[in-house]
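A look at the structure
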Amino acid sequence: MRLNRSFLSLIFIFDGMKKEFFLIGFVLLLFVNHIHAQEQTWIRINQLGYTPAGLKIAVWVTKEKISLQKFELVDAASGKVVFTRAAGKAFGAYGPFTQTFRLDFSEFFRKGTYYLQTGNIKSPVFRIDYDVYKGAADFCLRYMRQQRSGFNPYLKDSCHTHDGYTLYGPMPDSSHIDVTGGWHDASDYLQYSTTSANATYHLLAAYRDFPQVFGDEKKANGLDGKNGIADVLDEAKWGLDWLLKMNPRPDWMFNQLGDDRDHMSMRIPKEDPYYGKGFERPVYFVSGKPQQRGKFMNATTGAASTAGKFVSAFALGSQLYQKRNPSLAALLKQKAIDAWNFGKASPGVSQTASVRSPYIYAEEDWKDDWALAATQMYRLTKNKQYTDSVYHMLSESRNRTWIGTDTANHYQWYPFIQLGVYEMAKIYQPSNFMSTETMLLYDNQIYNVWQKARHNAFYRGVPFIWCSNNLTAAFAIQCYWFRNNDRDDSYKELEQANFDWLFGCNPWGTSMVYGLPTNGDTPVDPHSAFTHLKNYPIDGGLVDGPLYTSIYQNLIGIQLMHEDSYAAYQSDMAVYHDDYGDYSTNEPTMDGTASLIYLLAAKDAEARQHTTVQKKYTQPFKRPEKKLLYDHGAVIRGDVTKKEIAIVFTGDEFGDGLSTIAKAFANDGMSASFFFTGRFYRNPEFKNSIQQLNDRFHYMGPHSDQHLLYCDWKKRDSLLVSRGQFQFDLNQNIKAIKDEGWDSNSQGIQYFIPPYEWWNDTVVRWCNEKGVSLFNFTPGVGTNADYTFPEMGNSYKTSDAMMASIKKFNETDPHGLNGVILLIHAGTDPRRKDKLYNRLEELLNYIKKEGYKLKTIQDLLQ
């Protein structure tokens, strides 16, 4: 109903001889406003539902210039309001909407069927229960079976049975080779080793990690009937069988079956006569060199990217079949070794080939694939030589990813998740230094997405490039792995937001998975021959997903076939169409669906464990029983009831006072604490002096590796680094200490003073997670100003002034210098001629005269 509000008002003004008419007009006006608001305001939910103990968040969106104060959760059966909360923060405009809010009802735990409402606006009905994800992973396996080439159990018929003839191999071109089987890549019938091996790996990993969530309703050929094997393992075996055909000999490996000549018609899979050799399709050899068909040349540089994916699938398959099928396990192990040797001889990326168009899978990194392969070879053989360089490769690949970018070439950074990071971290115990160090590679990436996501109500930080839903599923898995392996739930809400996005908590309010949930708003007209030609459902298929409008508008050959049912939700930012004519946003993909199967299995398994949302993995910092003083969570003074003092020396760039400091303490016999940056410890000019200090049993500790500024000077709660960046930097600092054997303290490195002596509560929490206590100097003593020099004007403090400040503090503070932490720099800018460290013997004599005992920071605070 779309009535003109101004027109109605005028009717009643001109006809309104009596006041009653004005009242009637006012009521009608409110009614029209109500109808209009209903058409302009929506509540987006995860249509699959929510678990009682999990995060439960919806997003309220409007195109009106209105705001929101509160929301209600309503029992769908009784109509009673069971939960009410304030709306919280207004996130402002996003896409087509002028205002957005996140509606958090995680505190509500009762199972049932509900809807959310704000005024007269209602969400779709959803369930809260522990079984809301049950069977979802198996449901998506339907699409994988429907994508089978060779015998297709959905059609109960066979296709592409003549494949294929070879190109670019050591054998004569056009030699026949049997490579029937595998999966069609998407709605076309091309088949790629890269996507198939990645899909196979995800299915195998899903069974390895969550075997309890999968059922057995199908035989190995995909037809109805139990065979004693989980259906997901049957499907993975289908992928393995094809990969074995694509790697028939140790020195033969093929990258691709068919090419873009496939796209000449939309058809139900049968036999294809498009390639000039009857019904055979071309099979492209992994040559390690650029390949050209027609006028287009790819940018292949080697074989390792494809070979690494073969290795990973074969090796993981061998691990899982060792008891179930020992002969197959042995074969897969040998094939993994052969594929490893094949790829090792040809480092680089192997891209796909194209004939009619320039569109290819333009993968640009191979080290991520090789790192994953190495972890699986280690698990298979227990030979440590495979993992020697994994961390180095992963570090080199950490920025070669879609994460943190706004655009990328098609499949430029593939797979969409660096699988080797998780697998490498698992090789170590979770508390192991290298496990934490490895997972920080994920942390840095997640933080980069969070910096974009935190500004909008959907927590959307994944770019709207082609296959954005595949990226979303992969990113949610990465967050899940980080949370569970590193025991850190900092990004749990971001993880859940990406999962919710796939099932309706997005601007379009639709699930991105065909037929899931059964009664939900899901794709009905995807870019698929199965649905378009025969009305066959493609249950479980994950469609490509929203695309930047700027990209969509420049694509060739897109023409919507019917009126856009999501027109109200399109914007200059991104578009999504449930329309057969849009191949860019609404085409399902096999590898994206395989990734989603892993994610759904993880969510299902977690729900079955009845985990509680209140659970916190990080342990709270247990303060010592001593009467210590704190500021923003950090110790700034020891026990004020005891006449004990600690002198702490820090250093980063300058170390000109080291020899003077060492001499002063050598003469006196007292101990101090030294906290240097990693680059200070690594500086060869300082090495001998540091060794002397260490030999005298002074405490040696970290001061960050690169002297980072953690938080804004004016807005202290505004972080300038991520948790990953912080921990990586601190780990490098600690490594510099350990590499030289300067961690002489038998209890390990326990204390840390922040760079610039500036931190906030979050940094303290990060330190506590690592078992390190953050401390700082005691304010008011004044020695920390010894870094200043005359050119700094009023900020400059002389050594006389600082010595006087120490004495004044001792005389005026109720506790004197009890528990005080004095900070002095081990070196200063050359422009400062008046060095405080030259007055050190004078200071030590004063401390003794006043009856104070000098302690290391460890002894002072423990």
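Residues numbered from 1 in each chain as written. Predicted model: local features only at pLDDT ≥ 70, side-chain atom pairs only at ≥ 80, totals over all residues. Heavy atoms only, no water.

So, on to the overall build of the protein chain. Each helix and strand counted, the protein chain has 24 helices and 27 strands in total. For the C-alpha atoms alone, the extent of the protein chain along its principal axes is close to 95 × 95 × 50 Å. Across the 862 residues of the protein chain, 60% fall into the buried class. Counting only contacts in the protein chain whose residues sit at least 6 apart along the sequence, the fraction spanning at least 24 positions is 74%. For the protein chain, the accessible area works out to roughly 34,600 Å², and carbon and sulfur atoms hold 51% of it. Once the 94 positive and 95 negative side-chain charges of the protein chain are each reduced to a mean point, those two points are 4 Å apart. (Helix = DSSP H or I, 4+ residues; strand = E, 2+ residues; numbered from the N terminus. Buried < 20%, exposed > 50% of the residue type's maximum accessible area, 1.4 Å probe, protein only. Contact = heavy atoms within 4.5 Å. Areas by Shrake-Rupley, 256 points an atom, 1.4 Å probe, with all protein chains shown as cover. Lys, Arg positive; Asp, Glu negative; His and termini not counted. Charge placed at Lys NZ, Arg CZ, Asp CG, Glu CD.)

This part covers helix α4 (residues 193–209). In an α-helix, one full turn covers 3.6 residues, which means residues spaced three or four apart are oriented alike. With 17 residues, α4 should reach 24 Å at 1.5 Å per residue; the first-to-last C-alpha distance of 24 Å fits that figure. Most of α4 sits out of view: 15 of its 17 residues are buried. (Expected span 1.5 Å × (residues − 1).)

To continue, consider the pairing of strand β14 (residues 282–285). By the alternation rule, side chains of β14 split into Pro 282 and Tyr 284 and Val 283 and Phe 285, which are all buried. Here three bridges tie strand β11 (residues 165–167) to β14, and the two strands are oriented parallel to one another. Within the sheet, the bridge partner assigned to Tyr 165 lies in β14 and is Pro 282. Direction of pairing for strand β13 (residues 254–257) relative to β14: antiparallel, over a ladder of three bridges. Along β14, the bridge assignment pairs Phe 254 with Phe 285. (Pairing = 2+ DSSP bridges.)

Another aspect to go through is the sheet that holds strand β5 (residues 99–104). Reading across the sheet, the three strands line up as β1-β2-β5 and stay open at both edges, with antiparallel pairing between neighbours. Whereas interior strands pair on both sides, the edge strands pair on one side only; in this sheet they are β1 (41–44) and β5. For this sheet, the mean angle separating the axes of adjacent strands, direction not counted, is 20°. In the sheet, strand β2 (residues 57–62) pairs with β5 via six bridges, with the strands oriented antiparallel. For Trp 60, the partnering residue across the bridge sits in β5 and is Phe 101. (Axes fitted to C-alpha atoms, helices over the stretch in contact; angles between N-to-C directions.)

Now for the pattern of salt bridges. Within the structure shown, the criterion is met by 37 salt bridges. Between Arg 85 and Glu 107 there is a salt bridge, with its nearest N and O atoms 2.7 Å apart. Separated by 22 residues along the polypeptide, Arg 85 in strand β4 (residues 81–86) and Glu 107 in the loop between β5 and β6 (112–118) bring together distant segments of the chain. Residue classification places Glu 107 among the exposed positions, given a relative accessible area of 53%. Arg 839 serves as the salt-bridge partner of Asp 800, at 2.9 Å between the closest nitrogen and oxygen. Pair noted here: Asp 800 is in helix α22 (residues 799–812) and Arg 839 is in the loop between β26 (821–825) and α23 (840–849), with a separation of 39 residues, a long-range link. Each of Arg 208, Asp 209, Glu 423 and Lys 426 takes part in a single network of salt bridges with overlapping partners. (Salt bridge = Lys/Arg side-chain N within 4 Å of Asp/Glu carboxyl O.)

We now examine the confidence of the model for the protein chain. Per-residue confidence for the protein chain gives a mean pLDDT of 89; residues scoring 70 or more make up 91%. In this model, residues 1–37 is a region of pLDDT below 50 whose contacts with residues beyond four sequence positions or in other chains number 24 contacts. Note on residues 612–625: pLDDT under 50 across the span, and 23 contacts to partners over four residues away in sequence or across chains. (pLDDT = per-residue confidence, 0-100.)

To continue, consider the sheet that holds strand β12 (residues 191–192). Spatially, the four strands line up as an open sheet ordered β11-β14-β13-β12, and their pairing is mixed. Of all strands in the sheet, those with a lone pairing partner are β11 and β12, marking the two edges. In the sheet, β12 pairs with β13 via two bridges, with the strands oriented antiparallel. Looking at β13, one finds that Gln 191 is bridged to Leu 257.

With respect to the helices and strands, the residue Lys 218 is situated in the loop between α4 and α5 (231–246). In the structure, Lys 218 is positioned 14 residues away from Val 232 in sequence and 9.6 Å away in space, judged by C-alpha atoms. A polar contact is formed between the side chain of Lys 218 and the side chain of Asp 224, at a distance of 2.3 Å. (Polar contact = N/O pair within 3.5 Å; in protein donor to acceptor, adjacent residues only side chain to side chain.)

Moving on: the packing of helix α20 (residues 723–739) against helix α21 (residues 761–769). Between α20 and α21, whose axes approach to 11 Å, the crossing angle comes to 55°. In terms of axis orientation, α20 runs oblique to α21. When you trace α20 past α21, the crossing you get is right-handed. In this structure, α20 uses Arg 723, Phe 726 and Gln 727 to contact α21, whose residues at the interface are Val 763, Trp 766, Cys 767 and Glu 769. The class makeup of the residues in the contact of α20 with α21 is four nonpolar, one polar and two charged. (Parallel < 35°, antiparallel > 145°, perpendicular 65-115°, else oblique. Left-handed = near helix turned anticlockwise from the far one by under 90°. Nonpolar A, V, L, I, M, F, W, Y, C, P; charged D, E, K, R; others polar.)

Moving on, we come to the environment of Pro 526. Mapped onto the fold, Pro 526 is located in the loop between α13 (492–502) and α14 (529–534). The exposure class of Pro 526 is buried, given its relative accessible area of 0%. Linking Pro 526 and Thr 438, residues 88 residues apart in sequence, is a C-alpha distance of 40 Å. Other than its neighbours up to four places away in sequence, Pro 526 contacts Tyr 514, Thr 531, Ile 538, Asp 578, Tyr 580, Asn 586 and Pro 588.

Per the counting criterion, the structure on display carries 55 aromatic pairs. Members of the aromatic cluster, joined through ring pairs, are Trp 42, Tyr 94, Phe 97, Phe 458, Phe 464, Trp 501, Trp 508, Tyr 548, Tyr 566, Tyr 569 and Tyr 576. Between Lys 89 and the ring centre of Phe 91, over which it is positioned, the NZ or CZ distance is 4.6 Å. One residue, Lys 603, lies across the ring of Phe 499, its end atom 5.0 Å from the ring centre. (Phe/Tyr/Trp six-rings, centres within 6.5 Å; stacked < 30°, edge-to-face > 60°. Lys NZ or Arg CZ within 6 Å of the ring centre and 35° of its normal.)

Within the largest apolar cluster, 153 residues are counted, with the highest numbers of intra-cluster contacts made by Phe 214 and Leu 600. A per-element tally of this core places helix α16 (residues 590–608) first, with eleven residues. Here Phe 214 is in contact with Ala 137, Asp 138, Leu 141, Ala 206, Tyr 207, Ala 230, Val 232, Ile 597 and Ala 601, once residues within four sequence places are set aside. Ranked by size, the runner-up nonpolar core spans 57 residues in total, among them Ile 645, Phe 649, Phe 676 and Ile 806. (Core = buried A, V, L, I, M, F, W, Y, C linked by side-chain atoms within 4.5 Å.)

For any two helices packed against each other, the geometry is given by the interaxial angle and the distance between the axes. Axis separation between α4 and helix α10 (residues 419–427) bottoms out at 13 Å; the angle between their running directions is 35°. Where α4 crosses over α10, the handedness of that crossing is left-handed. Together, Asn 198, Tyr 201, His 202, Arg 208 and Asp 209 of α4 and Leu 419, Tyr 422, Glu 423 and Lys 426 of α10 make up the contact between the two elements. Along the lines of polarity and charge, the residues of the contact of α4 with α10 split into three nonpolar, two polar and four charged.

A separate point is the environment of Leu 103. Within the secondary structure layout, Leu 103 lies in strand β5. On the accessibility criterion, Leu 103 (0% relative accessible area) is buried. For Leu 103 and Gln 496, which are 393 residues apart along the polypeptide, the C-alpha to C-alpha distance reads 14 Å. Once residues lying within four places of it in the same chain are set aside, the contact partners of Leu 103 are Ile 43, Lys 56, Ile 57, Ala 58, Trp 60, Leu 68, Phe 71 and Leu 116.

The subject of this paragraph is the state of the cysteines. What the rule picks out here adds up to zero disulfides. Lacking any disulfide linkage, Cys 140 is separated from the closest cysteine sulfur, that of Cys 467, by 16 Å. For Cys 140, a relative accessible area of 0% gives the class buried. Between Cys 479, a cysteine without a disulfide, and Cys 505, which holds the nearest cysteine sulfur, the sulfur-to-sulfur distance is 16 Å. Looking at Cys 479, the relative accessible area reads 2%, which means it is buried. (Disulfide = S-S within 2.5 Å.)

Our next topic: α13. Taking burial as the measure, the eleven residues of α13 include ten buried ones, the bulk of the element. Along α13, the residues that are buried comprise Lys 492, Leu 494, Glu 495, Gln 496, Ala 497, Asn 498, Phe 499, Asp 500, Trp 501 and Leu 502. Of the residues one or two after α13, Gly 504 is the one with positive phi, at around 120°.

As for its placement among the helices and strands, Asp 829 is situated in the loop between β26 and α23. Here the side chain of Asp 829 touches Arg 831 through a polar contact of 2.8 Å, landing on its backbone nitrogen. Contact partners of Asp 829, with chain neighbours within four places excluded, come to Phe 654, Phe 789 and Lys 835.

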